[in-house]
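# Architecture at a glance
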Amino acid sequence: MEKIVVLDFGSQYAHLIAKRFRALGYYSEIELPSCDVEKLRDAKGIVFSGGPASVYDEKTPDFNSRILDLDVPILGLCYGHYIVHLGYNGKVGKAEVGEFGFAQLNIRKELNSPLFKGIDPQQQVWMSHQDGVLSMGDGFEVIGSTKDCPFAATQNLAKKRFSLQCHCEVKDTPCGNQIFENFAQYCQMPKNWDEDAVLNHIIEDTKKQAGDKNVLLFLSGGVDSTVAFALLNKALGQDRVLGLHIDNGFMRKNESSNVDKAYRGHNFNNFVVKDASESFLSAIAGLTDPQKKRMAVGENFITVRDNFVKEQNLDENRYMLAQGTLYPDIIESGGTKNSHTIKTHHNRVEGIQKLIEKGLIIEPLKDLYKDEVRRMGKKLGLEDDLVMRHPFPGPGLSINVLCSDGVLSADDKEELKKAKEEFEGIEITEFCENCKASLVKTVLPVKSVGVQGDFRTYRFPACLAFKKDEKGFFHVPKVREKVEKTSSTITNSARFLNRTVIKLYQKPGVKDEDLVLQKGYCTRERLDQLREVDDIVLTELHKNGWYDKIFQHLTIDLPYATSDKKASFVLRPVVSEDVMTARFAWLPMELLDNIVKQIAELDFVDSLYLDCTNKPPATFGWE
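In this report, we go over the structure that sits alongside the text. (Residues numbered from 1 in each chain as written. Predicted model: local features only at pLDDT ≥ 70, side-chain atom pairs only at ≥ 80, totals over all residues. Heavy atoms only, no water.)

### Examining the environment of Ser 220
Within the fold, Ser 220 resides in the loop between strand S10 (214-218) and helix H5 (223-236). Between the alpha carbons of Ser 220 and Ala 230 there is a distance of 13 Å; along the sequence they are ten residues apart. Beyond its immediate chain neighbours, meaning those up to four positions away, Ser 220 contacts Ser 225, His 245, Met 251, Val 259 and Phe 392. At 3.0 Å, the side chain of Ser 220 forms a polar contact with the backbone nitrogen of Gly 222. (Helix = DSSP H or I, 4+ residues; strand = E, 2+ residues; numbered from the N terminus. Contact = heavy atoms within 4.5 Å. Polar contact = N/O pair within 3.5 Å; in protein donor to acceptor, adjacent residues only side chain to side chain.)

### Looking at the sheet that holds strand S1 (residues 3-7)
By definition, the strands of a sheet pair up through backbone hydrogen bonds, in either a parallel or an antiparallel sense. If you walk across this open sheet you meet the nine strands as S2-S1-S3-S4-S9-S8-S7-S5-S6, and the pairing is mixed. Across the chains shown, the open sheet's two edge strands, defined by having one partner strand only, are strand S2 (28-31) and strand S6 (122-135). Sheet twist, expressed as the average angle between the axes of neighbouring strands with direction ignored, equals 20°. Note that strand S8 (residues 153-156) and strand S9 (residues 161-164) share four bridges and pair antiparallel. Counted as the bridge partner of Ala 153 is Leu 164 from S9. Its contacts with the sheet place helix H3 (residues 176-186) against strand S3 (43-48), strand S4 (74-77) and S9, and it is angled at close to 155° to S4. (Pairing = 2+ DSSP bridges. Axes fitted to C-alpha atoms, helices over the stretch in contact; angles between N-to-C directions.)

### With respect to the packing of helix H4 (residues 195-210) against H5
Geometry of a packed helix pair, given as the angle between the helix axes and the separation of the axes. Contact geometry of H4 with H5 gives a least axis separation of 9 Å together with a crossing angle of 70°. The angle between the axes of H4 and H5 places the two elements in the roughly perpendicular class. For the element pair H4 and H5, the recorded crossing hand is right-handed. Side by side, H4 and H5 meet where Leu 199, Ile 202, Ile 203, Thr 206, Lys 207 and Ala 210 of the first sit next to Leu 231, Leu 232, Lys 234, Ala 235 and Leu 236 of the second. (Parallel < 35°, antiparallel > 145°, perpendicular 65-115°, else oblique. Left-handed = near helix turned anticlockwise from the far one by under 90°.)

### Examining the side chain of His 167
Its location among the elements puts His 167 in the loop between S9 and H3. The buried category is assigned to His 167, whose relative accessible area is 1%. In terms of polar contacts, His 167 uses its side chain to reach the side chain of Glu 169, at 2.8 Å. Excluding residues within four positions of it along the chain, His 167 makes contact with Tyr 13, Cys 78, Trp 126, Ser 128 and Thr 173. (Buried < 20%, exposed > 50% of the residue type's maximum accessible area, 1.4 Å probe, protein only.)

### Considering the packing of aromatic side chains
According to the stated counting rule, one finds 22 aromatic pairs in the structure shown. Each ring, one from Phe 584 and one from Trp 586, has its centre 6.1 Å from the other, and the planes form 75°; the classification is edge-to-face. What makes Phe 584 buried here is its relative accessible area of 1%. An aromatic cluster is built from Phe 9, Phe 48, Phe 63 and Tyr 79, whose rings are joined through pairwise contacts. In this structure, Lys 441 packs its charged tip against the face of Phe 423, placed 5.1 Å from the ring centre. The ring of Phe 584 carries the charged tip of Arg 480 above its face, separated from the ring centre by 4.3 Å. (Phe/Tyr/Trp six-rings, centres within 6.5 Å; stacked < 30°, edge-to-face > 60°. Lys NZ or Arg CZ within 6 Å of the ring centre and 35° of its normal.)

### Considerations on the pattern of salt bridges
Inspection of the entire model under this criterion finds 36 salt bridges. A salt bridge links Lys 253 to Glu 532, with the shortest nitrogen-to-oxygen separation between them at 3.3 Å. Taken together, the residues Lys 253 in the loop between strand S11 (241-247) and helix H6 (255-265) and Glu 532 in helix H16 (residues 524-543) connect sequence positions 279 residues apart. On the basis of relative accessibility, which here comes to 32%, the residue Lys 253 falls in the partly exposed class. According to the relative accessible area criterion, Glu 532 is partly exposed, its value standing at 32%. With its nearest N and O atoms 2.6 Å apart, the salt bridge here joins Glu 623 to Arg 294. Of this pair, Glu 623 sits in the segment after strand S26 (605-611) while Arg 294 sits in helix H8 (residues 290-311); the two residues are 329 residues apart in sequence, bridging distant segments of the chain. Grouping residues by exposure puts Glu 623 and Arg 294 together as buried. In the salt-bridge network here, residues are joined through shared partners; they are Lys 19, Glu 195, Asp 371 and Arg 375. (Salt bridge = Lys/Arg side-chain N within 4 Å of Asp/Glu carboxyl O.)

Shown next as structure tokens:
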């Protein structure tokens, strides 16, 4: 087939680029940047992806420079932007100002670039970079710039070369699809791809992988495993597929019983529900490191699976294991040659890797993203109550319970000190004088995972607290844009901060100095507390028609309180299309107030916060 080829320099976004072209109707494939040029001779166009490395790092992805000699249009994005310019004697180095999040691209319309055909001169774009082009390659001209990036968009029409600093593959660059459409047209690429072709390809591939074996699928009840279950049933038939829903103790309130009812209501009868909560709680007892916790949960899934196979007298030689793995799970686990680990997913732990090496794992959705999976589910006839559910990862609430032995290490103490100094030095200018007069800036002493420039970070959250009333409720600024800009300013300016939260509530009588880091692990007691807070939020989202307006809500339990029997909580609603990027969801004030007041009535809640950070620099969850 004629195709657009994406060269994967290890970015989280490489496959998202390919997915965008496919969604537009253009078949695309992924290749390594070191591939032989013969693999690219039939390509109508080539895209260089972003990547986590700096071009001047000691170890960078291998690149076959002969690719630049091909008479094929090339579009470089972020890291690919640098590779294009270096290939024509340009210079790349550390930018004066890094950009993470939104920026305005000012397009030079007088140049009539084919890349920007039909696109207005000012465009919102998504940036994630610390490096920059310092001088352009031979024959290039600037076709767009931002406030802090003079060479944000360039072209060399004689060579059929284009390059952009921004990520136009993410939803938060609204003109991105039009840029890709323009590039495909410039390449004279025909429309040759649709969802029917994708579905047929997956079904045929599943039949081929399974051969004459049956399939056992871990069935969480979430979107991914549900669609994988439906696909397997369609490809192999219900008599060859067995779903195993494991209540691991980390489910939301009444989740397992609700999953059972939902599946039976959709005529799925080839599944079993098993309570293994004690086994999982024991596996993570006393763990504080989020990566170790994820790995322990993942490995225990294998143990439970093996025990189930024995209990059911299943012939292990006749069964493969299926998972609802998506491409972001693989890339964030460092699962491609040039990518870095952001977090270890439970479906990429050592036990799973061994089964993959033996050819005993089937992952029908592994090349897809969340929005594609939802569309696939609808194509298979699944109803919205299954397909449009918020994502719920395999480790469930266990990764939303942050754990600590109650003492910061010497290194963490030093980093916390630097984080506080950084935050004090950042001027907050977006709010009115009354807000600024009451503003208190603090740093919470709990680290969480984030992602910046395709690298994993583990840093502290900055906290903004405005005026408080006598009942412990804090004022929340009503203008989303001001909050978002402030959040970006903080995380872009700091080395030791990767999130911004706004304080919503603090129990009357509790002073700031009373809230301290507590010893706290992932126990049934803390999970039950989290379930209660989480259920209040989800119930109100459903009642007010907001559940379907946001992509996912997570409630985070922090061991930061007046005693180890109490906790603080963070609300984390996000809006996303593809999981790779996200914006924090801005709930109506009346809805937020109602949620906060109900949570405040729970006696174990000492304080409550709203996470106002986009991805990047923060991930969805905290961990």
